[in-house]
Amino acid sequence: MISTDAGTYKPREGHPQIAGSFPRYLREMVRERREMTWEQAIYKATLLPAKVFSLRGKGRLRPGSDADLLVFDPEAIMDRADFPGLGCPNAAPTGIRCVIVGGEVAVENGQFERLDMGEAIRAC
């Protein structure tokens, strides 16, 4: 299962994990190292955590699910964030075409369409 502690960092202070963890995982583990398939990588980042934490409506594309989607180009997905002083800690990744939250477009072609979408998930 894939995870990050990016939620513990303050976005204004910046940290490469905030914008880069999952694009880096996809780029390195699938495209560069070929340690798993795209299907395996996506499963480990979506359905597996949803199952482990019993998150209903998450991790699958099917009727009744929350319709949270990320549309990306497998050949272009890449993290660009770096530590403060070395680069831009909040640099947006490349290769992400669209982010859909709850069935509505949140980000398209690198432009935020809405900032008031989604909600925190508390798993116990």
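Chains are numbered independently. Their residues run from 1 in the order of the written sequence. Since the coordinates come from a predicted model, pLDDT governs what is reported: local features require at least 70, and pairs of side-chain atoms require 80 or more to be given and counted, while whole-chain, interface and lining totals use all residues. Only hydrogens and water are set aside; all other atoms, that is, all heavy atoms of the structure, feed into the side-chain values.

Student: Explain the packing of aromatic side chains to me, please; I cannot follow it from the model alone.
Tutor: The way to describe two aromatic rings as a pair is by their centre distance and the angle between their planes. Under the pairing criterion, centres of Phe, Tyr and Trp rings, with the six-membered ring standing for Trp, must be within 6.5 Å; the plane angle then separates stacked pairs below 30 degrees from edge-to-face pairs above 60, leaving the rest tilted. Evaluation of the coordinates by the stated rule reveals one aromatic pair. A centroid spacing of 5.7 Å and a plane angle of 50° characterise the contact between Trp38 and Phe72, whose relative ring orientation is tilted. Separated by 34 residues along the polypeptide, Trp38 in helix α2 (residues 38–45) and Phe72 in strand β1 (residues 69–72) bring together distant segments of the chain. Going along the chain from the N terminus, every DSSP run of H or I of four or more residues is numbered as a helix, and every run of E of two or more is numbered as a strand.

Student: Looking at this structure, I do not really get the pairing of strand β3 (residues 104–108). What am I missing?
Tutor: The side chains of a regular strand alternate, residue by residue, between the two faces of the sheet. Criterion used throughout: strands pair if DSSP finds at least two bridges between them. Sheet topology note: the strand β2 (residues 96–101)/β3 ladder contains four bridges and is antiparallel. Bridging from a neighbouring strand, Val101 pairs with Glu104 of β3. Once β2 ends, the chain turns through two residues before running back antiparallel as β3, passing Gly102 with a positive phi of about 60°. Pairing of β3 with strand β4 (residues 111–112) involves two bridges; the strand directions are antiparallel. Residue pairing for β4: Val107 is matched across the bridge by Phe112.

Student: I would appreciate a short explanation of the confidence of the model for the protein in the present structure.
Tutor: Within the protein, residue pLDDT values average 89, and 96% of them lie at 70 or more. Think of pLDDT as the predictor's per-residue confidence, scored from 0 to 100. Least confident of the elements in the protein is β4, whose mean pLDDT is 86; most confident is α2, at 96.

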